[in-house]
Every structure is written in C-alpha cells, then in structure tokens.
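# Close look at the chain arrangement
Listed here are the chains, written in short residue letters.
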Amino acid sequence: MALKVWLEVMQQAAAGTGALLGAALQQAQLSLCGTGDAPHGIVLFAHADTALLQALAILCRQARVLAIAAGARPLTCTEQRAVMAAGARDLLLWLPEAVDAGQVLARLQRWQAVAQLLESEAVRGRLVGHSCAWRCLLHDVVEMAAFSQASVLITGETGTGKDLLAQLIHRLSACRGALTVLDCTTLSPELAGSELFGHERGAYTGAAGARDGAFALADGGVLFLDEIGELPLTMQAQLLRAIQERKYKRIGGSTWQPTAFRLVCATNRVLEDEVARGAFRADLYYRIAGWRCQTPPLRERQDDILPLTMHFLRELAHAAPPALDQAVREYLLLRAYPGNVRELRQTVTRLWQRHCGPGPITIGALPPEERLAAPHWPDQQFEAAIRHALALGLQLPCITRAAAEVAIRLVLDEERGSNQRAAARLGVTDRALQIRRKAAACADKAATP
Ligand SMILES: Nc1ncnc2c1ncn2[C@@H]1O[C@H](COP(=O)(O)OP(=O)(O)OP(=O)(O)O)[C@@H](O)[C@H]1O
Ligand SMILES: [Mg+2]
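Residues numbered from 1 in each chain as written. Chains lettered and ligands numbered in written order. Predicted model: local features only at pLDDT ≥ 70, side-chain atom pairs only at ≥ 80, totals over all residues.

## With respect to the overall build of the protein
Going by this rule: Put simply, DSSP marks the helices as runs of H or I at least four residues long and the strands as runs of E at least two long, and each gets a number from the N terminus on. Any residue with 12 or fewer other C-beta atoms within 10 Å of its own C-beta is exposed, any with 20 or more is buried, and the rest are partly exposed; the C-beta atoms used are placed from the backbone. For the purpose of contact definition, each residue receives a C-beta atom placed from its backbone, and two residues are in contact when these atoms lie within 7 Å.
Counting its secondary structure elements, the protein contains 20 helices and twelve strands. Counting only C-alpha atoms, the protein reaches 80 × 65 × 45 Å along its principal axes. Looking at the 449 residues of the protein, the share that counts as buried comes to 29%. Partitioning the intrachain contacts of the protein with sequence separation of at least 6 by distance along the chain shows that 73% fall at a separation of at least 24.

Below you can see the structure in the form of structure tokens.
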C-alpha cells in the first residue's frame with residue numbers, strides 16, 4: 001500500500017526546509033495529501049511559540065503527527081516537552097534545510113505497519129473502541145507487541161480489557177508457541193512450586209508421574225501471569241530467578257532446564273505503591289515491567305460505550321444488531337460502570353435477553369430495578385462542574401459561553417474538523433458554527449500575551 005502523508009509547514013522560516021522535505025518524500029515514492037486526508041502527518045516549524053503549540057494540538061487530535069523543528073535556534077528541552085505535550089508522537093530536531101528523509105520514512109513506515117495491524121481482523125474484530133485514549137493505547141500495544149520482545153506489564157481497573165490485551169500481544173508476537181496463562185490468585189504456597197516449575201515423579205506424596213509446570217509449557221511462547229499483584233512475597237522470590245535467568249528446576253529434580261518465553265503480566269493493583277509499601281519486590285517489578293501500559297477505565301472513554309454495546313449485541317444476535325431507542329442509549333451513556341467493560345457487557349446481555357421481536361431495543365427491556373435507578377441528564381458530574389464555576393465567581397454569560405465552546409470543540413474533534421457535520425450534530429447552521437468558531441479564535445488571540 002502506498003504510504004500517504006500530509007505535510008504542514010507552519011512558519012515562513014521553515015518554508016525552505018519544507019520544500020526540500022516535500023521533494024525528498026516524493027522522491028521516496030510517498031504520496032503527499034491534504035491535511036486530514038491521511039492518518040499520519042508531518043508538522044514542520046521553526047520555533048515553538050504559543051500559536052504553533054495551539055495549532056499542533058488541534059492537528060494532533062486528528063492524526064498521528066511527527067513534529068520537526070528546523071529553526072536557526074535549536075529548541076530548548078522545555079520547548080521540546082511542550083511540543084510533545086501538545087500531542088506530537090515524535091519530534092525531530094534539524095538545522096534549517098538539513099533534511100534527513102530517512103528519519104522521517106523510518107517513522108512513517110513503522111506507523112503505517114502498525115496502522116495495518118490495527119485494521120486487521122486480529123485487532124479490529126476483537127478489541128473495540130473509538131475513543132482517543134483507547135486508540136492511543138492500542139497503537140502502543142500493537143507496536144510494542146509486533147516490533148519488540150519486551151516483557152509487558154498491563155495495569156488497570158477490573159474489566160478494562162487486560163486479558164484481551166495479553167491475548168493480543170501473544171497473537172502479534174514473533175514467537176510461535178502457545179499462550180500459557182497462570183492465574184496467580186489460584187496459586188497456593190503448597191502447589192505454587194509444581195504449578196510454576198513442574199515436578200519429577202515421586203517428588204512428593206501423590207506425585208505419581210512427572211509433570212511440566214508453566215515455565216516449561218511457555219517455552220517458545222508467551223507466559224501470561226495474571227493478577228501478579230496478588231502473589232505473596234515468598235512466591236515472588238521463587239519466580240524471580242526463573243524470570244531473570246530463563247531457567248528453572250522441576251521440584252525434586254536436579255538439572256536446570258532452559259526456557260524461552262515472552263513474559264506478560266497483569267494486575268489491577270498499582271504495583272509501584274505495592275513496591276513502596278514493601279508488598280511487592282522491587283527487583284521482580286523491574287524484571288516484569290520492561291514495558292508498561294495502563295488500560296483506561298470506561299468512565300474516561302465514554303465514546304466507547306455505544307460502539308462496545310453494538311459489538312456485544314452483534315455477538316449476541318449472530319447477525320446485524322438491533323437498533324437502540326434514544327432512551328436506552330441515554331441510559332447506557334449515563335449509567336456508572338464500576339465493573340467497566342465487563343459490566344457494560346452484562347448490562348447489554350440483560351437488555352438482549354429481555355428484548356423480543358423485530359424493531360429497536362426499547363426502555364422496557366431494562367430490568368425493573370435498573371429502570372427506577374435510570375440516571376438522567378444533567379447528571380451529578382454536570383452539576384459539580386457548574387458548582388465549581390459558580391464557586392469561582394463566574395456568571396451566567398461566561399458559563400454559557402464556556403459550555404458552548406467545550407461542546408463545539410468536542411464535536412469538531414470527533415468529526416475530525418468537519419464544520420458541516422459538527423453543525424448538524426450541534427443543531428445549528430454551518431454559518432452559525434463558523435461565526436462562533438471565528439469569535440472564539442479572536443477571543444483566544446486577544447487573550448494570548
Ligand atoms: N475493548 C474491548 N473490546 C471488546 N470487548 C472488551 C473490550 N475490553 C473489555 N472487553 C470485554 O470485557 C470483559 C472483561 O475484559 P477482560 O477480562 O480483558 O478485563 P480485565 O481487565 O482482565 O479484568 P480483570 O481485572 O477483572 O481480570 C471481557 O468479556 C472482554 O471481552
Ligand atoms: Mg483479567
């Protein structure tokens with residue numbers, strides 16, 4: 001597939017470098033397209049001023065951006081951090097016109113390869129989510145799974161998809177062996193040795209035959225230690241050597257057996273806190289956390305609720321899922337999910353079980369106890385935000401304007417900058433939205449020192 005990318009030259013001082021880079025990329029068979037027409041883009045600039053950072057933040061919400069600074073004065077460390085904080089995925093520092101297309105190509109090719117994996121059935125069909133938080137996480141996990149052999153520690157609240165990510169890492173890993181799963185909550189001190197290392201025949205009473213443990217079974221594949229935060233300290237000590245040296249001894253055996261596996265661990269505990277309070281060994285922590293990722297809770301990615309709902313309904317219906325009445329959508333969007341995606345899945349299953357006949361799922365499909373507790377909007381979170389604004393002394397015109405501006409920004413982000421689609425969703429005309437955006441931009445400019 002031809003590599004497509006957009007190139008945005010932000011400041012006049014970078015124009016010369018921009019022309020050279022454009023020509024070099026075209027020579028390398030890259031197809032340059034308009035901003036927003038490709039998921040990857042390059043932002044070239046000379047200095048990182050406020051206007052640049054604001055524009056960069058908008059572009060970064062719509063695409064994966066490689067920022068390139070090519071000004072006469074090199075960026076300071078603070079400026080580099082500000083560029084990354086604006087959302088750039090990577091930053092290159094060049095002198096004016098010192099174009100190195102190879103640096104750009106390597107990154108774009110990697111991003112393209114990851115994008116193709118993200119589109120594959122192995123990822124798209126099983127791990128659903130449109131939110132920025134979920135897409136960024138998935139991109140990083142896919143990249144690290146397919147392009148490294150690093151040990152991975154997945155943390156996150158219950159029901160946020162840690163198991164699914166572990167399975168994904170196994171599918172994308174270069175090793176061809178099986179996924180060996182060991183749930184650390186089920187390990188008792190008496191059985192842990194045998195479960196982990198296996199045992200020789202007669203190693204203890206009842207050991208009628210030799211048996212392989214998890215380290216042997218994982219040879220050539222991926223070893224997934226689930227809920228590793230639950231392991232007592234004595235068992236952590238047992239694990240340490242096998243993980244560090246990739247060799248183990250069966251219980252009752254005397255020879256060291258080599259084993260080669262990729263290690264993936266998951267926990268819903270904050271392991272750093274556990275290390276700080278002495279409940280988790282620091283040396284083990286650093287061996288399992290070669291690379292870390294954290295699954296965001298569902299409340300931080302509300303955009304995912306409806307796509308996940310339709311995904312679960314599709315699975316339940318084994319066909320095109322039924323539509324949802326507005327009241328049901330609202331209920332699903334406003335409800336709290338302490339059990340995260342697992343709880344959403346159970347809620348959707350309950351709706352599906354009560355739904356019958358053709359037509360959309362209606363509010364009547366909600367179990368009676370949930371119907372009474374059905375949340376409504378404006379909800380408590382909204383009230384808390386308004387209370388906060390009032391406490392700050394803000395008055396009605398200011399609160400109204402701020403609410404409208406946030407709504408506009410969010411919809412524009414979701415509609416990837418399309419004024420027309422955003423206006424339709426907000427229930428205003430294209431022209432009215434354009435005027436509001438212009439007014440907000442002028443106000444921003446006036447406020448910038
Ligand atoms: N992004 C997702 N797309 C589709 N299904 C998901 C997604 N995230 C989670 N699920 C579903 O939610 C349920 C819980 O996911 P999973 O078991 O991976 O969570 P977990 O973080 O390992 O939870 P726990 O900490 O309780 O073990 C599963 O049924 C899983 O299929
Ligand atoms: Mg799990």
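And the narrative resumes.
## Digging into the sheet that holds strand E11 (residues 262-267)
Put simply, the test is: Pairing between strands is defined by DSSP: at least two bridges between them are needed. Axes here mean lines fitted to C-alpha atoms, for a helix over just the part in contact, with angles spanning 0 to 180 degrees between N-to-C directions.
One open sheet accounts for five strands, arranged E7-E8-E11-E6-E12; its pairing is parallel. The strands lining the two open edges of the sheet, one partner per strand, are strand E7 (179-183) and strand E12 (291-295). With strand direction ignored, the average angle separating the axes of adjacent strands in the sheet is 20°. The pairing of strand E6 (residues 152-156) with E11 spans four bridges and is parallel. Its bridge partner being in E11, Ile 154 is matched across the sheet by Ala 266. Sheet strands touched by helix H6 (residues 132-147): E6 and E12. Its angle to E12, the strand with the most contacts, is close to 150°.

## Topic: the domain arrangement of the protein
For clarity, the cut-off: Domain start and end points were adopted from an automatic or database domain assignment.
Here the domain parsing of the protein yields domain 1 (4-117), domain 2 (132-201 + 211-295), domain 3 (299-372) and domain 4 (380-447). Taking only C-alpha atoms into account, the centre of domain 3 sits 29 Å from that of domain 4.

## A word on helix H8 (residues 189-197)
Listed in full, the buried residues belonging to H8 are Ala 192, Gly 193, Ser 194, Leu 196 and Phe 197. In this structure, the buried side of H8 is in contact with helix H9 (214-217), helix H10 (233-245) and strand E9 (247-248). Looking one or two residues beyond H8, the residue adopting positive phi is Gly 198, at roughly 80°.

## Quick notes on the site of ligand 1
Basically, it comes down to this: Here, nearness means that the C-beta atom of a residue, built from backbone geometry, sits within 6 Å of the molecule or strand in question. Ten residues, namely Ala, Val, Leu, Ile, Met, Phe, Trp, Tyr, Cys and Pro, are considered nonpolar, four, namely Asp, Glu, Lys and Arg, are considered charged, and the remaining ones, Gly among them, are considered polar.
Around ligand 1 sit 17 residues, and of these Thr 158, Gly 161, Lys 162, Asp 163 and Val 341 come closest. Listed by contribution, the elements that provide at least two residues to the shell around ligand 1 are helix H7 (162-172), helix H13 (305-317) and helix H15 (340-354). Classifying every residue of the shell around ligand 1 gives five nonpolar, eight polar and four charged.

## Quick notes on the environment of Leu 105
Inspection of the secondary structure puts Leu 105 in helix H4 (residues 101-119). A tally of 17 C-beta atoms within 10 Å means that Leu 105 is categorised as partly exposed.

## Quick notes on the pairing of strand E1 (residues 4-9)
Each regular strand displays side chains that alternate between the two surfaces of the sheet. Selection criterion: Looking down the strands as they point away from you, a crossover is right-handed if its path from the first strand over the helix to the second goes clockwise.
Where E1 and strand E2 (residues 31-33) come together, three bridges link them in parallel fashion. Considered in E2, the bridge of Lys 4 is made with Ser 31. Taking the sense of rotation as the criterion, the β-α-β connection linking E1, helix H1 (residues 15-27) and E2 turns out right-handed. Here four bridges tie E1 to strand E3 (residues 40-45), and the two strands are oriented parallel to one another. Of the residues in E3, the one forming a bridge with Trp 6 is Gly 41.

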